[in-house]
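Coordinates in review
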Amino acid sequence: MIRTAFPGTGCVAYQSRIGVSAYRFEDLRSLLACASPRRSGDELAGIAAPSDEARVAARYALAELPLRHFLAVPLIPYEDDEVTRLILDGHDGGAFAPVADLSVGQFRDWLLSYAATPEVLAALAPGLTPEMVAAVSKLMRHQDLIAVAAKCRTVTAFRNTQGLPGRLGSRLQPNHPTDDPLGVAASTLDGLLFGIGDAVIGVNPVSDSLPDTIRLLQVLDALRTRLDIPTQTCVLAHVTTSIQAIERGAPLDLVFQSIAGTEAANRAFGIDLGVLREGLDAARSLRRGSVGDNVMYFETGQGSALSADAHHGVDQQTLEARSYAVARAFEPLLVNTVVGFIGPEYLYDAKQIIRAGLEDHFCGKLLGLPMGVDVCYTNHAEADQDDMDTLALLLGNAGANFLIAVPGADDVMLGYQSLSYHDVLALRHLLGRRPAPEFEAWLQRMQLADGAGRLPPPGADHPALQRLLAAGPPT
């Protein structure tokens, strides 16, 4: 590989040769895009590698690029983008020092070495930029992404503790097509019977209206309070709606927001960094946590910036990693990528969805985030539930902080397929994972699980179900 600089012009070209064929990548954005595994979103944007050989050539060039280069050459101009400013202004040079002299390829080898222990990786995280971790992920096989992510640990807390070794959290997602309180409560009780809901009991509201948001917050809090569940609840309304709900005295635990990796894409979501800071301050002012004060919950997904025409010619996986820099600035309790939710225009089939899920999880964990995944797909994608089983198993071994589960793996409100309550329970048994310790103790106290995490026998007369039903419907 030969990299050629043009002094005085600010222009850098990247070149690589395979056999008799020479390849030239005009800028860093082009190099990263062409080095990415094939995906439909980058092809839609017209930035993908034109051939597999060009993709390999880009990876050769990327492997020799110094990590320091990403600090000198921002993908989106500093003066034009507040996410770029957040990344560069917040960079910790001292934390970066141990790997500062490595190339991207050398960094990959180091991450896979015995020297990269959980403690070392945790100390390194503030010194890494999203572009660095996105770049190294493009050089890694699936097992590399899994092996490194499994060494990264990020522990957060609110009413229970997420991210501890040997644990697998779960979001219980009891969505309902009309936000009917009894329907939401029934789905929630169903999930609790499977031991699901320690990461959060989180509802996507049908509308973002303030009255509906407050009503759902009251329903979830009433159910949690009556059963004395050591977990947190969330209505996934817009951050500004959550702030208004707090001002009205609503029982809000977590502030939710979808985020992206560019200022323009975040504007399309109706947010900026200042608004997110307002949400953080408002939620923390309530002091509702019992074991911690991580109060933010963020969702991301490859393709969001492209769908908003706010990608600046940057590939969708690198932009996804940039959204993690946004999340990291607000000390969230939970972050998850909704990996296959946006559709086949961005991730065409199961191969692309599985790869993207492992990339997203790896990049988030390496940047120090409490990373989870919504293992999901839409019905017009070339994927099925067997593919989701594959991804869930891989993520379980990669040490995902939590996974999302919906009744029967079918979200009847959002119209997409995810994991079922049973799927998460099966993973816990198969991989020897347990829920958050505070939640696990509650399950045992309620006779919803024994010391080995086993459920009571099914049937309308078992004590656990009777205890749940005795609480009555929420009001």
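For the structure itself, consult the block above.
To keep things clear, this report deals only with the structure shown in the data block. From a predicted model like this one, the values you see are computed outputs, not experimental measurements. (Residues numbered from 1 in each chain as written. Predicted model: local features only at pLDDT ≥ 70, side-chain atom pairs only at ≥ 80, totals over all residues. Heavy atoms only, no water.)

Let's talk about the overall build of the chain
The line we're drawing: Strands are runs of DSSP state E lasting at least two residues, helices are runs of H or I lasting at least four, and both sets are numbered from the N terminus onward. Radius of gyration: over C-alpha atoms. The globule rule applied is 2.2 Å multiplied by the number of residues raised to the 0.38 power. Each residue is placed in one exposure class: buried if its accessible area under a 1.4 Å probe, protein chains only, is under 20% of its type's maximum, exposed if it is over 50%, and partly exposed if it falls in between. Whether two residues are in contact is decided by their heavy atoms: any pair within 4.5 Å suffices. Positive residues here are Lys and Arg, negative ones are Asp and Glu, while His and the chain termini are left out of the count. Every charge is mapped to an atom, namely NZ of Lys, CZ of Arg, CG of Asp or CD of Glu.
Helix and strand counts for the chain come out as 22 helices and 15 strands. Computed over the C-alpha atoms, the radius of gyration of the chain is 22 Å, within 12% of the 23 Å expected from 2.2 N^0.38 for a compact globule of 475 residues. For the C-alpha atoms alone, the extent of the chain along its principal axes is close to 75 × 45 × 45 Å. Counting across all 475 residues of the chain, residues that qualify as buried make up 59%. Restricting the contact set of the chain to residue pairs at least 6 apart, pairs at least 24 apart contribute 76%. Considering the chain, the positive charge centre built from 38 side chains and the negative charge centre built from 55 side chains are found 5 Å apart.

Remarks on helix α11 (residues 181–193)
The test is simple: Helix span, as expected, comes to 1.5 Å for every residue beyond the first. Each polar contact in these results corresponds to two N or O atoms within 3.5 Å; when the atoms are within protein, one needs to be able to donate a hydrogen and the other to accept it, and residues that are neighboring in sequence are counted only if both atoms are side-chain atoms.
Look at α11: 18 Å from first C-alpha to last across 13 residues, which is about the 18 Å you get at 1.5 Å a residue. Within the span of α11, buried status applies to G183, V184, A185, S187, T188, L189, G191 and L192. For α11, the N-terminal capping position is held by D180, with its side-chain oxygen 3.3 Å away from the main-chain nitrogen of L182. G195, located one to two residues past α11, shows a positive phi value of around 75°.

Considering the environment of D80
Of note, D80 is situated in the loop between α4 (69–72) and α5 (82–89). In the structure, D80 is positioned 184 residues away from A264 in sequence and 9.5 Å away in space, judged by C-alpha atoms. If sequence neighbours within four positions are ignored, D80 has contacts with R85 and E263.

Digging into a negative patch on the surface
Definition in use: Residues enter patches when they are more than 30% accessible in relative terms and free of salt bridges; like-charged ones are connected within 9 Å and nonpolar ones (Val, Leu, Ile, Met, Phe, Trp, Tyr) within 5 Å. Per-residue and other accessible areas were derived by the Shrake-Rupley procedure at a 1.4 Å probe size, with only the shown protein chains allowed to occlude residues. Here, a salt bridge means any side-chain nitrogen of Lys or Arg that lies within 4 Å of a carboxyl oxygen of Asp or Glu.
Residues E247, D272, E278 and D281 make up a contiguous surface patch of negative charge. Positionally, E278 belongs in helix α15 (residues 273–286).

Observations concerning the packing of helix α1 (residues 28–35) against helix α3 (residues 52–63)
For clarity, the threshold we go by: Where helices are involved, their axes are fitted lines through C-alpha atoms of the stretch in contact, as for all axes, and angles between N-to-C directions lie from 0 to 180°. Any angle that is under 35 degrees is reported as roughly parallel, and any over 145 degrees as roughly antiparallel; angles of 65 to 115 degrees are reported as roughly perpendicular and all others as oblique. The handedness criterion is simple: a crossing whose near helix is rotated anticlockwise from the far helix by less than a right angle is left-handed, and one whose near helix is rotated clockwise is right-handed.
The interhelical angle for the contact between α1 and α3, taken along N-to-C directions, is 125°, at an axis separation of 7 Å. Relative to α3, the element α1 is oriented oblique. Helix-helix and strand crossings are classified by hand; for α1 and α3 the assignment is left-handed. The segment α1 lies against α3, with L31, L32, C34 and A35 engaging R55, A58, R59, A61 and L62.

Digging into the sheet that holds strand β8 (residues 233–235)
Our working definition: If DSSP finds at least two bridges between two strands, the strands pair.
Here we have 8 strands laid out as an open sheet, ordered β8-β7-β6-β13-β12-β11-β10-β9, and parallel in their pairing. Taken across any chain shown, the strands that pair with only one partner, and hence form the sheet edges, are β8 and β9 (255–258). Across the sheet, the axes of successive neighbouring strands diverge by a mean angle of 25°, strand direction being ignored. Alignment of strand β12 (residues 371–374) against strand β13 (residues 402–405), held across 2 bridges, turns out to be parallel.

A word on unusual backbone geometry
Although it is not a glycine, H312 sits at a positive phi angle of roughly 60°. With respect to the helices, strands and loops of the structure, H312 is situated in the loop between α16 (304–307) and α17 (316–328). We classify H312 as partly exposed; its relative accessible area is 36%.

Focus: the pattern of salt bridges
One pass over the structure, following the stated rule, counts 26 salt bridges. A salt bridge links K138 to D315; the shortest N-O distance between them is 2.9 Å. Linking K138 in the loop between α9 (130–137) and α10 (142–149) with D315 in the loop between α16 and α17, this pair joins segments that are 177 residues apart in sequence. Take K138: its relative accessible area is 2%, and that puts it in the buried class. Look at D315 and you get buried, because its relative accessible area is 0%. The salt bridge partner of R284 is D293, with a shortest N-O separation of 3.8 Å. Residue D293 is classed as partly exposed on the basis of its relative accessible area of 46%. The structure contains a network of salt bridges with shared partners spanning R159, D221, R224, D253 and R288.

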